[in-house]
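Here is what each chain is made of, one letter per residue.
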Amino acid sequence: MKRKPKPGVAYEVLGLGLVTKWEHGFFTIEGFSDSGGVHDAEQPDATRLRATNGSNHETFDAENDQDLREKTLTHVAIRRDQAAFRAALLEAYGGKCCITGCTLKDALEAAHIAPYRGDHSHHVQNGLLFRSDIHTLFDLGLLVITEGYRVKLSPAALKGDSYVNLEGKQLLLPDDRAHYPSRDALDRHRKWAGVY
C-alpha cells in the first residue's frame with residue numbers, strides 16, 4: 001500500500017500474497033488466511049480484511065481521516081540510486097522537461113526509456129526528464145519519441161485537445177551529445193507502444 005507519493009515513494013506491507021493467475025497483462029494475487037491457507041472458505045484472506053477494514057457512511061464526515069480505501073498487494077522492485085538518476089537527468093537537461101520546457105523542479109520526473117531492470121538501467125542515455133503528466137503518457141505508450149527526436153502521439157492521445165500541440169515537437173536535447181537518449185531504447189519503446 002502506498003503511504004507516501006513521489007518523490008521518495010514509501011510503501012506499507014500489508015501481508016504476503018501468492019500469484020494465482022495471469023490474464024491480459026495483470027496478475028491476480030491472493031493473500032493467505034491467518035492459518036496460512038489460500039482459498040480458505042472458513043478463514044478469509046487476512047490481508048484483504050486488514051486492507052479493507054472499515055464501513056461505509058451515508059454522509060461525509062470531514063473529521064474522519066480513517067483510510068478505508070481497498071488496498072492491492074504488489075511486489076515492488078527497489079530502485080536503488082533513483083535520486084542520483086534524477087539528479088543526473090536534471091543536470092543533463094538543464095532542469096527542463098525535454099518536451100514542454102517546464103522548469104518547476106517538483107513537477108519534473110526521471111523517466112526510464114527501457115524499463116528499469118537494476119542499477120545499469122540508471123544510465124543517462126536511458127532516461128528522459130519529463131513533466132509528470134508527460135512521463136505518464138510516455139509510460140502508457142501514448143507518447144513516443146521518433147528517430148529524429150520528435151514527439152509522436154498515439155491516436156488516442158490525439159483525440160483530445162490537451163496534448164495535440166505536442167505532436168511533432170522537437171525534443172530539447174542535452175548540450176552534451178554523450179547524454180542524448182539512446183536511439184535503440186527509443187526504437188524499442190515505439191515498437192512496444194505500437195506508435196510509428
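It should be noted that the structure appears before, not after, this text.
This report concerns the structure included in the present document. (Residues numbered from 1 in each chain as written. Predicted model: local features only at pLDDT ≥ 70, side-chain atom pairs only at ≥ 80, totals over all residues. Heavy atoms only, no water.)

On to helix α2 (residues 82-92). Along α2, the residues that are buried comprise Phe85, Leu89, Leu90 and Ala92. Viewed along the axis of α2, the buried residues span an arc of 165°, placing them on a single side of the element. In α2, those exposed residues whose orientation departs by more than 90 degrees from the buried face are Ala83 and Glu91. On its buried face, α2 is in contact with β5 (108-112) and β6 (127-131). Positive phi appears at glycine 94, one or two residues downstream of α2, with a value of about 60°. (Buried < 20%, exposed > 50% of the residue type's maximum accessible area, 1.4 Å probe, protein only. Helix = DSSP H or I, 4+ residues; strand = E, 2+ residues; numbered from the N terminus. Arc of directions from axis to C-beta. Contact = heavy atoms within 4.5 Å.)

Attention shifts here to the state of the cysteines. Summed over all chains, the structure comprises 0 disulfides. With no disulfide of its own, cysteine 102 lies 6.6 Å from the sulfur of cysteine 97, the closest cysteine sulfur. (Disulfide = S-S within 2.5 Å.)

Turning our attention to the packing of aromatic side chains. As enumerated under the stated definition, the model contains 2 aromatic pairs in all. Between the aromatic rings of phenylalanine 130 and phenylalanine 138, the centroid separation amounts to 5.2 Å while the plane-to-plane angle is 50°, which identifies the pairing as tilted. With relative accessibility at 0%, the residue phenylalanine 130 sits in the buried group. When the centroid spacing of 5.8 Å and the interplanar angle of 85° are considered together, the rings of tyrosine 149 and tyrosine 180 count as edge-to-face. Placement of tyrosine 149 in the loop between β7 (143-145) and β8 (151-153) and of tyrosine 180 in the loop between α4 (155-159) and α5 (183-193) is noted, with a sequence separation of 31 residues between them. Look at tyrosine 149 and you get buried, because its relative accessible area is 7%. (Phe/Tyr/Trp six-rings, centres within 6.5 Å; stacked < 30°, edge-to-face > 60°.)

With respect to burial, β6 is a largely interior element, 4 of its 5 residues being buried. Here β5 runs beside β6; their pairing, made up of 5 bridges, is antiparallel. Bridged to leucine 108 within β6 is arginine 131. (Pairing = 2+ DSSP bridges.)

A word on the environment of leucine 142. Its location among the elements puts leucine 142 in the loop between α3 (132-139) and β7. Since its relative accessible area comes to 25%, leucine 142 is described here as partly exposed. The spacing of leucine 142 and lysine 152 is 10 residues in sequence and 8.5 Å in space, taken between C-alpha atoms. Beyond its immediate sequence surroundings of up to four residues, leucine 142 is in contact with Leu137, Lys152, Leu153, Ser154, Ala156 and Ala157.

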